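Here are the chains, one letter per residue:
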Amino acid sequence: MLSQIVYLHWLSFSKLSHTPSLPIALPFSHQEPKLRHSNSAPKQAIAEERVHFLIHIVFLKVQSLSTNMLHLTKGRVGCLLSKRAVVGLTNSGARMSSHSHHEVSDQVDMSQPMYWDRLDTPLPDRAWNDVLDSKDKSLKEKEKGPWTALSKEEKIALYRLKFNHTYPEMKRPSHEWKTVIGGMFIFFGITGLVVFWQGHYVYPPQPHTFGEEWQAKQIQRMLDMRVNPIEGFSAKWDYKNKQWK
Amino acid sequence: MAHPSQLGFQDAASPVMEELLHFHDHALMIVLLISTLVLYIIVAMVSTKLTNKYILDSQEIEIVWTVLPAVILILIALPSLRILYLMDEINDPHLTIKAMGHQWYWSYEYTDYEDLGFDSYMVPTQDLVPGQFRLLETDHRMVVPVESPIRVLVSAEDVLHSWAVPSLGVKMDAVPGRLNQTAFIASRPGVFYGQCSEICGANHSFMPIVVEAVPLEHFEKWSTMMLEDA
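Residues numbered from 1 in each chain as written. Chains lettered and ligands numbered in written order. Predicted model: local features only at pLDDT ≥ 70, side-chain atom pairs only at ≥ 80, totals over all residues. Heavy atoms only, no water.

An unreviewed UniProt entry lists chain B under the name Cytochrome c oxidase subunit 2, from Hucho taimen. Annotation of chain B in UniProt includes, under Subcellular location (unreviewed entry), the sentence "Mitochondrion inner membrane". In UniProt, chain B has this text filed under Catalytic activity (unreviewed entry): "4 Fe(II)-[cytochrome c] + O2 + 8 H(+)(in) = 4 Fe(III)-[cytochrome c] + 2 H2O + 4 H(+)(out)". (UniProt positions renumbered as here; feature names shortened; annotations may be inferred.)

Per an unreviewed UniProt entry, the recorded name for chain A is Cytochrome c oxidase subunit 4, and the organism is Hucho hucho. One UniProt comment on chain A, placed under Pathway (unreviewed entry), says "Energy metabolism; oxidative phosphorylation."

Draft legend 1. Examining the overall build of chain B more closely. Scanning chain B for helices and strands turns up three helices and ten strands. For chain B, the C-alpha radius of gyration of 24 Å lies well beyond 17 Å, the compact-globule estimate for 230 residues. With respect to the principal axes defined by its C-alpha atoms, chain B has extents near 85 × 40 × 35 Å. Counting across all 230 residues of chain B, residues that qualify as buried make up 37%. Pairs at least 24 residues apart make up 63% of the contacts formed inside chain B by residues separated by at least 6 positions. Carbon and sulfur atoms make up 63% of the accessible area of chain B, which totals about 13,900 Å². (Helix = DSSP H or I, 4+ residues; strand = E, 2+ residues; numbered from the N terminus. Rg over C-alpha atoms; globule rule 2.2 N^0.38 Å. Buried < 20%, exposed > 50% of the residue type's maximum accessible area, 1.4 Å probe, protein only. Contact = heavy atoms within 4.5 Å. Areas by Shrake-Rupley, 256 points an atom, 1.4 Å probe, with all protein chains shown as cover.)

Draft legend 2. Fine view of the pairing of strand β4 (residues 142-145) of chain B. Residues and elements named next belong to chain B. What you see with β4 is no split at all: M142 and V144 on one side and V143 and P145 on the other are buried throughout. Pairing analysis gives four bridges linking β4 to strand β10 (residues 208-214), with the strands arranged parallel. Counted as the bridge partner of M142 is V211 from β10. (Pairing = 2+ DSSP bridges.)

Draft legend 3. Here's a closer look at the UniProt feature "domain: Cytochrome oxidase subunit II transmembrane region profile" (unreviewed entry) in chain B. Mapped onto this numbering, the UniProt entry annotates "domain: Cytochrome oxidase subunit II transmembrane region profile" (unreviewed entry) at residues 1-91 of chain B. What you have in residues 1-91 of chain B is 68% helix and 0% strand, and the ends, taken at the C-alpha atoms, are 26 Å apart.

Draft legend 4. Summary view of the packing of helix α5 (residues 134-143) of chain A against helix α6 (residues 152-162) of chain A. Residue and element names in this part refer to chain A. Orientation of α5 relative to α6, taken along the N-to-C sense of each, is 110 degrees, at an axis distance of 11 Å. Between α5 and α6, the angle falls in the class roughly perpendicular. Facing D136, L139, K140, K142 and E143 of α5, the residues of α6 in contact are E154, A157, L158, L161 and K162. Of the residues belonging to the contact of α5 with α6, the class tally is four nonpolar, no polar and six charged. (Axes fitted to C-alpha atoms, helices over the stretch in contact; angles between N-to-C directions. Parallel < 35°, antiparallel > 145°, perpendicular 65-115°, else oblique. Nonpolar A, V, L, I, M, F, W, Y, C, P; charged D, E, K, R; others polar.)

Draft legend 5. Just the sheet that holds strand β5 (residues 149-156) of chain B, in detail. Residue and element names in this part refer to chain B. Strand order in the open sheet formed by five strands is β3-β2-β1-β5-β8, with mixed pairing between adjacent strands. Because the sheet does not close on itself, it has two edges, and the strands there are β3 (116-120) and β8 (180-185). Pairs of neighbouring strands in the sheet enclose a mean axial angle of 25 degrees, with direction left out of account. Here strand β1 (residues 95-102) runs beside β5; their pairing, made up of seven bridges, is parallel.

Draft legend 6. Layout of the pairing of strand β7 (residues 170-174) of chain B. All names here are of chain B. Sheet topology places strand β6 (residues 161-165) next to β7; five bridges connect them, and they run antiparallel. Residue pairing in the sheet places S162 in a bridge with D173 of β7. What sits between β6 and β7 in their antiparallel hairpin is a turn of four residues, with G169 showing a positive phi close to 70 degrees.

Draft legend 7. Examining helix α9 (residues 212-224) of chain A more closely. Here α9 of chain A contains 13 residues, and its C-alpha end-to-end distance of 18 Å stays within 8% of the 18 Å for a straight helix at 1.5 Å per residue. Of the surrounding secondary structure, the elements contacted by the buried residues of α9 of chain A are β1 (237-238) and β2 (243-244) of chain A together with β9 (190-195) of chain B. (Expected span 1.5 Å × (residues − 1).)

Draft legend 8. The confidence of the model for chain A, seen in detail. Residues and elements named next belong to chain A. For chain A, per-residue confidence averages 76 on the pLDDT scale, and 57% of positions sit at 70 or higher. Below a pLDDT of 50 lies the segment residues 11-41, which in the model reaches 45 contacts outside its immediate sequence neighbourhood of four places, other chains included. Note on residues 93-97: pLDDT under 50 across the span, and ten contacts to partners over four residues away in sequence or across chains. (pLDDT = per-residue confidence, 0-100.)

Draft legend 9. Inspection of the pattern of salt bridges at higher detail. Tallied over the entire structure, the rule returns eleven salt bridges over all chains. For K140 of chain A, the salt bridge is made with E143 of chain A, and the minimal N-O distance between the two is 3.3 Å. Residue K140 of chain A and its partner E143 of chain A are both found in helix α5; the two are separated by three residues, about one turn of the helix. Relative accessible area serves as the criterion here: at 25%, K140 of chain A is assigned to the partly exposed category. A relative accessible area of 26% means that E143 of chain A is categorised as partly exposed. Residue R141 of chain B pairs with E137 of chain B through a salt bridge whose shortest N-O separation is 3.8 Å. In the salt-bridge network here, residues are joined through shared partners; they are R221 of chain A together with E137, R141 and E212 of chain B. (Salt bridge = Lys/Arg side-chain N within 4 Å of Asp/Glu carboxyl O.)

Draft legend 10. Quick peek at unusual backbone geometry. All names here are of chain B. Cis geometry is found at the peptide bond from Q103 to W104, where omega equals 5 degrees. Here W104 is to be found in the loop between β1 and β2 (105-110). Here the phi dihedral of D92 falls at roughly 50 degrees; this positive angle occurs in a residue that is not glycine. Position of D92 relative to the elements: it lies in the loop between α2 (59-87) and β1. Notably, E147 is not glycine yet its phi reads approximately 55 degrees, a positive angle. Within the fold, E147 resides in the loop between β4 and β5.

Draft legend 11. Representation of the domain arrangement of chain B within the structure. Residue and element names in this part refer to chain B. Examined at the domain level, chain B breaks down into domain 1 (13-86) and domain 2 (93-227). Each of domain 1 and domain 2 was reduced to a C-alpha centroid, and the two centroids are 39 Å apart. Listed per partner, the contact involves six residues of domain 1 and nine residues of domain 2. Together domain 1 and domain 2 conceal approximately 530 Å² of surface at their shared face, both sides included; 54% is due to carbon and sulfur atoms. Ranking the residues of domain 1 by area buried against domain 2 places A13, S14 and M17 at the top, with a combined share of 76%. (Domains from an automatic or database assignment. Buried area = accessible area lost by both parts, 1.4 Å probe.)

The structure is reproduced here in structure tokens:
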């Protein structure tokens, strides 16, 4: 039962897509950016589907070994296997693009002028869209004239030819922190379960000196002996009125 | 002894321990100040939106962050060395006691006037009287007169041990074949607990040290009684 809960939680966490849809209020956001380079997001989705299917199989297999004591480990084995499977079956580019906005291409020819979207270096070495059809070419000719003659849509089109993302698009949050914090809490929970199990099944009984009566006698003896009387223990006891200060 | 959930040092029972407490406060304050500064700088660096890609070097800041740490180190070293030499001073003790470490108990010899020697074993947990401290009580305590300089000669009969009493500010390794000297003055009467501080086998955690500082008349009565019992 618990393993099913863990498994479902893990599924929902990894299926959460943290890259948000572009909010309507931003400038230039009504037009979808033209994709000049292939986006590795679909690759990630396909890989994840495959992984989830595999893990479902694994989970069912693991569930079929049924002793009651191992019901916690079953769910955890499923999680461990799935994490390894995700790492093994996806490439680093796909994994990075699931959270970061850097669409990573696997091979870049650094001897050619490159394009980049960087907040601190605004003007890349080349434009985003180098391959212009006739419509774009005529627009570029029109750009050589007075810019007051350009309509708003034409200005936006020119921007999108030159650049991939706008500044707000570059700065958009990735929501990665939710995965991190969520993962942390999952591990805290697992650790808590382990600690509780340990306390119940592994630890020997406490020495009898931890009992209430013994502790009370011990504290009275420490006060009688004036243990740490200057700033520590006995300094906090009011000997005249027989109470803590 | 330590009280429950204690974090800091035990109250000093000797002048040397008082000095150590004050030095620790001094050094810890310096450490905390430096750590706060570093933490602030880290947070400021991480959370800024500004970038600067063109700084190469700066002579002024290099000088500052070389000289300032050197000054701080001197400020820590001077009190430290002062206490070190203070502990080494010639102290003209009133009494010399030999503390010998064995597996797994201590034995004390008071041989200045008569031949007094006895063993000090830990009281096992099942034999404790209600109110006694688990793993700390011994059957015989090392009794010393209060406010008298005491010299302790520490050695061992088998393996390495270490004779330590934190509230007196004393720790000295017990090395077989070697005689190590340490000294203390108990500034107030009381019972002071310590534990063996060098791994010495299976019962290393179960050979505590108990020093009882009493007025001189009580010490004389005690030593007479111990001699009669022997």
